[in-house]
Amino acid sequence: MMHKHFSSAPPHDEISRLQRLYLLALGVIVGMAIIGQTAIQLTLRNDETNSRIVNIAGRQRMVSQKLCKIAAQLAFVEYPPQRQTLQDLQASLVLWKQSHYGLQHGDAALKIPQGKNSDTVQAMFTRIEPTFHLMDSLAQSLCRGSLDTALRQESQAQARLLFAQSDMFLSRMDAIVFQYDEEFRAAIGWLQILEGAIFLVTFSALGFVSVVVFRPAVRHLRQTVLSLEKTNQDLAYSNDILTRQQAVLEDQALELETMNTQAQEMNIEMEQHRSVLQKQMFELETMYRELQEARRSQSEFLANLSHELRTPMSAIIGFTEILLTDFISEAGKPFGERVLHSANILLVMLNDLIDFAYIEAGLFEIHRELQPLEPIIASVSQLMRFDAEAKHLTLTYTISPDVPALMSFDERRFRQILFSLLSNAVKFTEIGGVELRVLFDVNSHTLRFEIQDTGIGIAPDQQERVFKPFVQHDGSSTRKYGGIGVGLALVKRIVTLKGGRMWLESTIGKGTTVVVELPRGAFAPAE
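Fair warning: this is a prediction, and the values are worked out from it, not measured in the lab.

Q: Run through the overall build of the chain, naming residues and quoting values.
A: Scanning the chain from terminus to terminus reveals nine helices and eight strands. Burial statistics for the chain: of 527 residues in total, 36% are counted as buried. Counted over contacts in the chain with a minimum sequence separation of 6, partners at least 24 positions apart contribute 75%.

Below you can see the structure in the form of C-alpha cells.
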C-alpha cells in the first residue's frame, strides 16, 4: 500500500507572483538598456552632425577670405584678369553660397539635416543676411565687370567694399560658430544626465530583482528539494510493485518469442521473393545494355551516312563556286550565290548531324590550335550577313578589349557554336537585329559569348525544350521557320563537354539572349 506525503512546494499563486515581478523587472532593465543605447547613438549622431556643422561653418569663413583674396587679385594685380582666376572666383562663390544656405536651411549633399538651427542661431543668420547678399552682389559684379579694362577703378572700389563687408561677415560668422558650440555642449550635457539617470534606474531594478525575486525563489527551491526527497521514498515503494509486474512481463516475453519464430518463417518466404526480383533485375540490366549497344550502332550508322552525304555536298559547293567564278553571267550570279549559300547551310546542318552522332557514339574529339579569335568571328558573321540582309536585319558584333589576341582553341567547334547561335537568332527575328558580344573575365579566365536578338522570344515553360535534340519550342515555329532542331542541343552538348555552361533569358515578343560561358579548359590564352 502506497504512503501519501504532503508536499511543501510553493503554491501556484506565489510562483505566478514571482514570475510577474521578474518579468516586470526584466522589462524595466531591457527598456532602460534600449533607452540608454538610443541615447548613446543620439549622442554620437549629434556629435557627428555638430562636428560637420562646425567644420562647414569654418570652411565658410575660409571661403569668405578666399573670395576677398581673389577679388583683390582681380582688382589690383591682374588686369586684364586671367580666365582661370575668374573661374576660381565663380567656383569659390558657388561653394560659399552653398555652405551658407546649407547651414541656414539644411543640405542633404552636405549631410546637414533641416531644422537643426535654434531660434537664436536663425535670428543671427537673419541679421547677417544683408551683409551676405551685399557680398554676393559685389562678387558677381567683379565676375562680370572684370573683363572690361575701362571698369578697373569701379572693380577696385567694389573689392574694397567687399573687404569691408567681409570683416563684418566674419565676425558674425564667428559668433554663430560660438553659438553652435554652446548649444551643442548644452545638448550633450542633457544627454549625459539622461544616461546617468538610466544607469541609476537600471541598477535599482537589478537590486529589486535580487531582493524581491531571487531570495524568495531560493527559499522555494529549498522547499522543493525536501519535497523531492520525500517523493524518492515513495518511488522506492513503487519499485517493489514494478518487480512483481516484471514477472508478468517475462511471461509475455515467451509469447513474443513464439511470435518471432513465426515472423522468421515469413522472412524466409520474403527472401525467396527477393531472389526472384534479383533475377528479374538482372534480365532488365541485360536488356538495357543491349538497348545501349543498339543506340551506339544507330549513332555510328548515322555518322557514316552523314559523312557520305557530306562528300557530294562539298562537291556541290566547289562546283558552284567554279560556276560563279568562270561560267555564270552577272544576271545569274545572285541565283548562284543563293545556291552556294543554301549549300553551305545544308553542309553545316550535315556537320551538326555528324557531330551529334559522334557525341552519342562517344567519339567526339577536340583539337586545339593557337590562333586569333576575331577573324573567325568576322568570318561567321559575314556568312550569316546574307540571311540578315535578306530580312532587313542588323547583324553586329563587339569584342571586349580584355579578350586575348591569341588563344589556343578548336577552330571548328568555335565556328560551329557561333554559327548555330547566330543562325538561330537570325531565323527567329523579323524586325530589329542580332548582336554578338564577346567578353573575357581576366580573374576567372572565362570566355563568354552573348547573342541578343529582338525576335519572337520563348515562353518560360518552353525554354528547356529548345536544348533537347530534334525539338523546337512549338510545332508552329518549326513549320514557319524550318530547321531540324539540332543546333542548340548540339551546342549545349559541345559546351558541356568543354566544361562550360549555356543558358538563355527570353521575353515573349521582345527577344532572347543566349549566354555561353567557356572555362579555361576549353581554350588557353597565349602566354
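Having seen the model, we can carry on.
Q: Could you give me a rundown of the pairing of strand S6 (residues 501-507), with the residues and numbers involved?
A: Residues of S6 alternate between two faces, with Met502, Leu504 and Ser506 buried on one and Arg501, Trp503, Glu505 and Thr507 left unburied on the opposite face. Bridge count between S6 and strand S7 (residues 511-518): seven bridges; the pairing is antiparallel. Among the inter-strand pairings, Glu505 is bridged to a residue of S7, identified as Thr513. Connecting S6 to the next strand, S7, in antiparallel fashion are three residues, including Gly509 with a positive phi near 85°.

Q: Can you break down the sheet that holds strand S5 (residues 446-453) residue by residue, with the values?
A: Pairing is mixed across the open sheet formed by five strands, whose spatial order is S2-S4-S5-S7-S6. Where the open sheet ends on each side, the last strands, each with one partner, are strand S2 (394-399) and S6. In this sheet, neighbouring strand axes are inclined to one another by 10° on average, regardless of whether the strands run parallel or antiparallel. With six bridges joining them, S5 and S7 adopt antiparallel strand pairing.

Q: I'd love a proper account of helix H2 (residues 83-105), names of residues and values included.
A: Owing to its 3.6 residues per turn, the α-helix brings residues three or four apart onto one side. Here H2 contains 23 residues, and its C-alpha end-to-end distance of 33 Å stays within 8% of the 33 Å for a straight helix at 1.5 Å per residue. Of the residues making up H2, those classed as buried are Thr85, Leu86, Leu89, Ser92, Leu93, Trp96, Ser99, His100, Gly102, Leu103 and Gln104. Just downstream of H2 lies Gly106, where phi reads positive at about 95°.

Q: Could you give an account of unusual backbone geometry, naming the residues involved and the relevant values?
A: Negative phi characterises most residues that are not glycine, and trans characterises most peptide bonds. One non-glycine residue with positive phi stands out, namely His392, at about 60°. Counting through the fold element by element, His392 comes out in the loop between helix H6 (374-390) and S2. Although it is not a glycine, His445 adopts a positive phi angle of roughly 55°. Positionally, His445 belongs in the loop between strand S4 (433-441) and S5.

Q: Now, about the nonpolar core: what can you tell me, with residues and values included?
A: In terms of nonpolar packing, the biggest core is built from 40 residues, with Leu373, Leu421, Leu447, Phe449 and Met502 touching the most fellow members. Residue assignment for this core shows that the elements contributing at least two residues are H6, strand S3 (406-409), helix H7 (411-427), S4, S5, helix H9 (487-497), S6 and S7. The element best represented in this core is H7, accounting for eight residues. Residues contacting Met502, with those up to four places away along its chain left out, are Leu421, Phe467, Leu488, Val491, Lys492, Val495, Val514, Val515 and Val516. By size, the runner-up hydrophobic cluster in this structure holds 34 residues, among which are Leu103, Ile128, Met173 and Ile176.

Cut-offs used in this document
- Residues numbered from 1 in each chain as written.
- Predicted model: local features only at pLDDT ≥ 70, side-chain atom pairs only at ≥ 80, totals over all residues.
- Heavy atoms only, no water.
- Helix = DSSP H or I, 4+ residues; strand = E, 2+ residues; numbered from the N terminus.
- Buried < 20%, exposed > 50% of the residue type's maximum accessible area, 1.4 Å probe, protein only.
- Contact = heavy atoms within 4.5 Å.
- Pairing = 2+ DSSP bridges.
- Axes fitted to C-alpha atoms, helices over the stretch in contact; angles between N-to-C directions.
- Expected span 1.5 Å × (residues − 1).
- Core = buried A, V, L, I, M, F, W, Y, C linked by side-chain atoms within 4.5 Å.

Purely geometric stuff here, so don't read any function into it on its own.
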